[in-house]
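Architecture at a glance
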Amino acid sequence: MSEVKMSAKDLRLWYGDFEALKTVSLDMNKNSVTALIGPSGCGKSTFLKTLNRMNDLVEGCRIEGDVRLDGEDIFQKGYDLALLRKRVGMVFQKPNPFPMSIYDNIAYGPRVHGIRKKKVLDEIVEKALRGAALWDEVHDRLRKSAMGLSGGQQQRLCIARVMAVEPEVVLMDEPTSALDPISTQRIEDLMAELKKKFTIVIVTHNMQQAARIADRTAFFLKGEIVEAGDTLQIFQQPRDKRTEDYITGRFG
Amino acid sequence: MRKIIDNVQRSVLWLCGGIAVAFLAVILVYVIARGVPYINWEFLSTAYRPGLDQEGIRDIIVGTLAMVGLTLVIAVPIGVLAAIFMAEYAKKGKVLTTIRFCVESLAGIPSILYGLFGYTFFCLQLAFGFSLLSSALTLAIMVLPVIIRSTEEALFTVPDSYREGSLALGASKLTTLFRVILPCAIPGILSAIILSMGRVMGETAAVYYTAGTMARAPSSVMSSTRSLAVHLYLLVKEGLESGDAFATATILIVIVVGLNALANFVAKRLSRKLTGGN
């Protein structure tokens, strides 16, 4: 039995009057990949953004219920938001490197968290880039702008940027939807490697991707989790009719 | 038939563009051609003492640059901070709409009114007299809307994905602002500064009312001084030395173009440095 790293219990979320999440509960295990699938607007990205409290930025967003990281409530008063986001990193749908050099992109997080020594930063940058399988392609142009990289390279750079702050959980919001198949393949390979160290939660529209990479899968529909369980079980013997309809492509 | 219409359209557009450029060229050539014969080292390096047969504009150039400098020192920090507040911190709503409306209205007021206000408030009420300080404060209020609007626009063009990326790494809002957003917005902010410099240097009414007309280089912020534009106005008004007037205009043009080029150069260098460039 694997250890629960993050869990949501009876989570409800409103954007103004719209109830985007209706009593959602889900456990995310350590060193495993949890995939969130479901049609557009079903709340899976909203759920993901609740895990590192990025929803705090949205005006009119209200949250009830509880989300725990290592058993600790992340919504409790006085919880260190900077530390939460350091521990729970996020990779976005569209690669979003900062308009700085490759080196400065990776060093950004560590610098924000107080690391100044050049030697230490150099090591972190190299380790993160190696970890994201990007080092060989960019080690001779670390001082060049990150904007000159290809889309796939940019996304791996963003993964490296997250890894540089040594997170425990990595959230990925459709990380390959803007990429070509070869870049997608590389990132999927990378995820298999990353889960040895991190807990990964990924939102994906691509059912094959969920089947390929995820240990557990949760199916979202209209703000609720219809079914969650081992990926194999979800795809081969879904318990709910709606799950079956969705994964066989009858809607969505 | 369609081809004819297409050609007519194109010709009209070219004509309009051509007219605009032609006017600019004619004005520049006309002014510079008449001014250049009167420009020499003596003209540039001596003070203006018509009684002593000295008609140089050295002190007036110094006064103009001091005025531009002091105005920007006052207006840029206030304008940029106001824009940051409006674009990044203020909640959308009535208050923000009202502030924006006020800023825009401020931009539409004729400069003579700023002059009148500056004269009664800074010169008389606060007893700063005709001085560099009075005029810089007045001009600062005048260019504030330009700086606020352009800076705000520049901040709006920075993609939200940068903000999200930075916050998601655990950076605070302030860190995100200084390390990611402002560096991206710097070219826009600098172009606001260039526009402001142009307005300050071209201004006569507001300066005439607040800085006075003393043709001396200012020795402190409390001294009266004269800007090139005011000098030009006075020369033309007196109708004596039209050659000197054109020479002064030429120098004014050179300084404006020069400062623009400098600011552009700095903006390019800065944004390349800050964003790691290629």
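Since the model is a prediction, treat every value here as computed from it, not as a measurement.

**Concerning the overall build of chain B**
In terms of regular secondary structure, chain B is built from eleven helices and two strands. Over its C-alpha atoms, taken along the principal directions, chain B stretches across nearly 70 × 65 × 40 Å. Contacts in chain B between residues far apart in sequence, at least 24 positions, make up 73% of those at least 6 positions apart. Of the accessible surface of chain B, which amounts to about 14,700 Å², a share of 69% is contributed by carbon and sulfur atoms. Once the 22 positive and 15 negative side-chain charges of chain B are each reduced to a mean point, those two points are 10 Å apart.

**Let's talk about helix α6 (residues 151-163) of chain A**
All names here are of chain A. For α6, built from 13 residues, the straight-helix expectation of 18 Å at 1.5 Å per residue is met to within 8% by its first-to-last C-alpha distance of 18 Å. Counting buried residues along α6, twelve of its 13 residues qualify, which places the element largely inside the surrounding structure. Every buried residue of α6 is accounted for by Gly152, Gln153, Gln154, Gln155, Arg156, Leu157, Cys158, Ile159, Ala160, Arg161, Val162 and Met163.

**Some thoughts on the interface of chain A and chain B**
Taken together, the 27 residues of chain A in the interface contact 22 residues of chain B. Viewed at the interface, chain B and chain A are joined by zero salt bridges. Elements supplying a minimum of two residues to the side of chain A that touches chain B: α2 (81-87), β6 (88-91), α3 (102-112) and α6 of chain A. With three residues, α3 of chain A is the single largest residue contributor to the side of chain A that touches chain B.

**Notes on the pairing of strand β3 (residues 33-37) of chain A**
All names here are of chain A. Most of β3 sits out of view: five of its five residues are buried. The alternating pattern of β3 places Val33, Ala35 and Ile37 on one face and Thr34 and Leu36 on the opposite face, and all of these are buried. Pairing between β3 and strand β8 (residues 199-203): four bridges, direction parallel. Along β8, the bridge assignment pairs Ala35 with Ile202.

**Re the confidence of the model for chain B**
In the predicted model, chain B carries a mean pLDDT of 86, and the fraction of residues at 70 or more is 97%. Within chain B, helix α7 (residues 160-168) of chain B carries the highest mean pLDDT (92), whereas strand β2 (residues 54-55) of chain B carries the lowest (76).

**Quick notes on the sheet that holds β6 of chain A**
Residue and element names in this part refer to chain A. Read across the open sheet, the six strands follow the order β6-β7-β8-β3-β9-β10; overall the sheet is mixed. Of all strands in the sheet, those bounded by a partner on one side alone are β6 and β10 (224-230). Looking at each pair of strands side by side, their axes are set apart by 15° on average, direction ignored. Note that β6 and strand β7 (residues 169-173) share four bridges and pair parallel. Bridge assignment links Met90 to a residue of β7, and that residue is Leu171.

**Topic: the packing of aromatic side chains**
Inspection of every chain in the model, using the stated rule, returns twelve aromatic pairs over all chains. On the numbers, 5.6 Å between centres and 85° between planes, the contact of Tyr208 of chain B with Tyr233 of chain B is edge-to-face. Here Tyr208 of chain B is found in helix α9 (residues 205-210), whereas its partner Tyr233 of chain B is found in helix α10 (residues 228-238), with 25 residues between them in sequence. We classify Tyr233 of chain B as partly exposed; its relative accessible area is 39%. Over the ring of Trp14 of chain A we find Arg62 of chain A; its NZ or CZ atom is 4.3 Å from the centre of that ring. The ring of Phe98 of chain A has Arg161 of chain A lying over it, and the distance from NZ or CZ to the ring centre is 4.1 Å.

**Some details on the sheet that holds strand β2 (residues 18-29) of chain A**
All names here are of chain A. With antiparallel pairing, four strands are arranged side by side in an open sheet as β2-β1-β4-β5. Looking along the sheet, the strands with just one partner apiece sit at the ends: β2 and β5 (72-73). Strands in contact with helix α1 (residues 44-51) are β1 (4-15), β2 and β4 (61-69); relative to β2, the strand with the most contacts, it is inclined by about 60°.

Calculation notes
- Residues numbered from 1 in each chain as written.
- Chains lettered and ligands numbered in written order.
- Predicted model: local features only at pLDDT ≥ 70, side-chain atom pairs only at ≥ 80, totals over all residues.
- Heavy atoms only, no water.
- Helix = DSSP H or I, 4+ residues; strand = E, 2+ residues; numbered from the N terminus.
- Contact = heavy atoms within 4.5 Å.
- Areas by Shrake-Rupley, 256 points an atom, 1.4 Å probe, with all protein chains shown as cover.
- Lys, Arg positive; Asp, Glu negative; His and termini not counted.
- Charge placed at Lys NZ, Arg CZ, Asp CG, Glu CD.
- Expected span 1.5 Å × (residues − 1).
- Buried < 20%, exposed > 50% of the residue type's maximum accessible area, 1.4 Å probe, protein only.
- Salt bridge = Lys/Arg side-chain N within 4 Å of Asp/Glu carboxyl O.
- Pairing = 2+ DSSP bridges.
- pLDDT = per-residue confidence, 0-100.
- Axes fitted to C-alpha atoms, helices over the stretch in contact; angles between N-to-C directions.
- Phe/Tyr/Trp six-rings, centres within 6.5 Å; stacked < 30°, edge-to-face > 60°.
- Lys NZ or Arg CZ within 6 Å of the ring centre and 35° of its normal.

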